[in-house]
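As a plain string of letters, each chain reads:
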Amino acid sequence: MSQSKPHISVQNLNVFYGDTQVLKNVNVDIPRRQITAIIGPSGCGKSTLLRSLNRLLELSDGVKMSCKILVDDVDIMDKSVDVTSVRKRLALIAQSPNLLPMSIFDNIAYGPRVSGMSWWNELDGIDRMVERCLRASGLWEEVKDRLKTPASRLSIGQQQRLCLARALAVDPEVILCDEPTSALDPISAQHVEKQLQALSMDYTVVFVTHTLRQARRIANNVVFLYMGEVVEQGLSEAFFTHPQNPTTKAYLDGAFS
Amino acid sequence: MKNKRRLEEFLVTVLMRLATFIVVGSLLIVLGIVVAKGIPALTLSMITQSSSGGFYMGGGGGILNAIVGSMYLVAASITLAFLIGLPVALYLNEYAGRSKMADFVRLCLDVLYGVPSIVYGAFAFTLMLLIGARASLLWGIITVTLLVIPIMIRGIDEVIRTVPSRVREASYSLGATRLETAFKVITRQVLPGIVTTVLLALGRGIGDAASVLLTAGYSDSIPTSLNSPVATLPLAIFFQLGTPYPQAQERAYASAIILLGLIVMLSVATRVSTGRFSKFVIK
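The rules behind the values
Residues numbered from 1 in each chain as written. Chains lettered and ligands numbered in written order. Predicted model: local features only at pLDDT ≥ 70, side-chain atom pairs only at ≥ 80, totals over all residues. Helix = DSSP H or I, 4+ residues; strand = E, 2+ residues; numbered from the N terminus. Rg over C-alpha atoms; globule rule 2.2 N^0.38 Å. Contact = placed C-beta atoms within 7 Å. Axes fitted to C-alpha atoms, helices over the stretch in contact; angles between N-to-C directions. Parallel < 35°, antiparallel > 145°, perpendicular 65-115°, else oblique. Left-handed = near helix turned anticlockwise from the far one by under 90°. Nonpolar A, V, L, I, M, F, W, Y, C, P; charged D, E, K, R; others polar. Expected span 1.5 Å × (residues − 1). Pairing = 2+ DSSP bridges. Domains from an automatic or database assignment.

A few points about the overall build of chain A
Stage number 1. Within chain A, the regular secondary structure consists of 11 helices and 10 strands.
Stage number 2. Since a compact globule built from 257 residues should have a radius of gyration of about 18 Å, the 18 Å found for chain A is in line with a globular shape.
Stage number 3. When its C-alpha atoms are laid out on the principal axes, chain A stretches across 55 × 45 × 35 Å.

Description of the overall build of chain B
Stage number 1. Within chain B one finds 12 helices and zero strands.
Stage number 2. The N-to-C order of helical and strand elements in chain B reads α-α-α-α-α-α-α-α-α-α-α-α.
Stage number 3. Principal-axis analysis of the C-alpha atoms gives chain B an extent of 65 × 60 × 35 Å.
Stage number 4. When contacts within chain B are restricted to residue pairs at least 6 apart in sequence, those whose partners lie at least 24 apart make up 76%.

Comments concerning the packing of helix α3 (residues 104-114) of chain A against helix α7 (residues 156-169) of chain A
Residue and element names in this part refer to chain A.
Stage number 1. Between α3 and α7, the shortest axis-to-axis distance is 7 Å and the interhelical angle comes to 30 degrees. The angle between α3 and α7 falls in the class roughly parallel. Classified by chirality, the crossing of α7 by α3 is right-handed. Mapping the contact onto sequence places Ile104, Asn107, Ile108, Gly111 and Pro112 in α3 and Leu162, Ala165, Arg166 and Ala169 in α7.
Stage number 2. Of the residues in the contact of α3 with α7, the class split is six nonpolar, two polar and one charged.

Quick word on the packing of helix α6 (residues 137-161) of chain B against helix α9 (residues 191-207) of chain B
All names here are of chain B.
Stage number 1. One can describe the packing of α6 onto α9 by two numbers: an axis separation of 9 Å at closest approach and a directional angle of 155 degrees. In terms of their interaxial angle, α6 and α9 are classed as roughly antiparallel. For α6 against α9, the interelement crossing comes out right-handed. Residue-level inspection shows Val144, Leu147, Val148, Ile151, Met152, Gly155, Ile156 and Val159 of α6 in contact with α9, the latter providing Gly193, Ile194, Thr197, Leu200, Ala201, Arg204 and Gly205.
Stage number 2. A per-class count over the contact of α6 with α9 returns 10 nonpolar, four polar and one charged.

What to know about helix α8 (residues 186-199) of chain A
Stage number 1. A rise of 1.5 Å per residue sets the reference length of α8(A), with its 14 residues, at 20 Å; its end C-alpha atoms lie 20 Å apart and thus fit the reference within 8%.
Stage number 2. Elements that come into contact with the buried residues of α8(A) comprise β3 (35-39), α7, β7 (174-178), β8 (204-208) and α9 (212-218) of chain A.

Side note on the interface of chain B and chain A
Stage number 1. Taken residue by residue, the interface counts 22 residues in chain B and 25 residues in chain A.
Stage number 2. Contributions of two or more residues to the side of chain B that touches chain A are made by α7 (165-173) and α8 (178-189) of chain B.
Stage number 3. Per-element tally for the side of chain B that touches chain A: the top contributor is α7(B), with seven residues.

Points about the sheet that holds β8(A)
Across a sheet, strands are paired by hydrogen bonds formed along the backbone, either parallel or antiparallel in direction.
Residues and elements named next belong to chain A.
Stage number 1. Here we have six strands laid out as an open sheet, ordered β6-β7-β8-β3-β9-β10, and mixed in their pairing. Sheet topology places β6 (90-93) and β10 (229-235) at the edges, where each strand pairs with a single neighbour. Sheet twist, expressed as the average angle between the axes of neighbouring strands with direction ignored, equals 15 degrees.
Stage number 2. In this structure, β7 lies alongside β8, joined through five bridges in parallel fashion. Of the residues in β8, the one forming a bridge with Val174 is Thr204.

Things to note about the sheet that holds strand β1 (residues 8-17) of chain A
Residue and element names in this part refer to chain A.
Stage number 1. Strand order in this open sheet of four strands is β2-β1-β4-β5, and the pairing throughout is antiparallel. On the outer flanks of this sheet lie β2 (20-30) and β5 (74-75), each paired with one strand and no other.
Stage number 2. For strand β4 (residues 63-71) and β5, the ladder comprises two bridges, and the chain directions are antiparallel. Looking at the pairing, Val71 lines up with Val74 of β5.

Concerning the domain arrangement of chain B
All names here are of chain B.
Stage number 1. By domain assignment, chain B separates into domain 1 (2-41) and domain 2 (44-280).
Stage number 2. Of note, the centres of domain 1 and domain 2, computed from C-alpha atoms alone, are 29 Å apart.
Stage number 3. Every contact between the two is made by six residues of domain 1 and, on the other side, six residues of domain 2.
Stage number 4. Of the residues belonging to the side of domain 1 that touches domain 2, the class tally is four nonpolar, one polar and one charged.

Next up, the structure:
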């Protein structure tokens, strides 16, 4: 773990789907402006953990959860906290691109518009804001001449980068990605990985992945989940070269996946 | 074995085509008869003049009063039903969630949809007697609104149910509230389905005679206020068919052509004017 105080601190997270407990007493610290990877075999609760971070999980039917999630020492699970502001601070990028039924331009402008944000207005107007977000996600050159066309006409790889641009438009602190490259071809995946690495200069990035190599390539920190429990977490280098826990060792050796 | 499956495929295809043919065929026969019987009586004065007493005995005049009456009635009823129906459908899906209450509301609406239109007419008529109201455009609008509300709500409700949850999630994860998600994202996504539903409701509303018989009354002039009785196309057809005069009966078929033409025009106009939005829909 880095020396400074964690940006996000998850404390005693328990999640139930009906009667099944999918996350058991999870405690995770996520450092600021670094890339943290959540890894583990399928069904271990990676996505559930990620989706509880921006309180999207509680929208699903039959979910019960209890925990404290401190973001800069403020508990975002507290009743007094406005959930829409939480979701803006911690932007989520889904596994497969989830576009809004609108044009490319409106997909990006939607977030700032609904929240009545004015930071971009004061700086340079909505057009420039859209351009800046598209440049940051590496999509600008490809779409600058067709901003008013339906977003659904883009290729899957482009759609995923549009989702990234859209997330940046609400000026988040944290970017959460749920296997952001699993639906993409290798070239597009590489694109997205590069963007995430660049973004970690300014944002805290948390991503879920099932490919160890990807985690090793771009993550500074790793959280290993198994059967709903955190088995091991720490700096990426130490985690991959000197795993402490026998389960981690077995997983890294490919004993199960 | 291979032959058996091929035979199955063949037979089923034939049956499906036959069923489609029966549906389209009977529709064409209905249209054909109406057109064949109505065309000779269809004149320009039918749509430019209102009826007079002599009209029902084969004299001059037209059914402009009924055309305009039906348009007034249906425009107001569909607008009202939509304004009431859309929020209900959004509420059932975006707010009520998977609750017993929502299922109960759906059940009620399905039952209401099955209620014959004459019952709506009788119900409204009872209310009118109770408060001493006379047949009028206003009461016609109220009755037709009640008549089309179930199909309006359930139609929109069913298309909203098909919205993929990831569309909803996209909106929520950008910090939108339920209200913003419902009106800015969900309604856009289901717009083509909403148009279809409105057209279905319109078809039911404009073509129904029983609900307006006792509530809207009939009049030979175009209504000047909500309190005047109003003529409608289905009743114009009904009354002309009911006369013993062949000229008037022919004009009943001509009126039916006008009613059909009106529905086609409204459908096409609605589809064209909303078509450009459907390209944004997420598949």
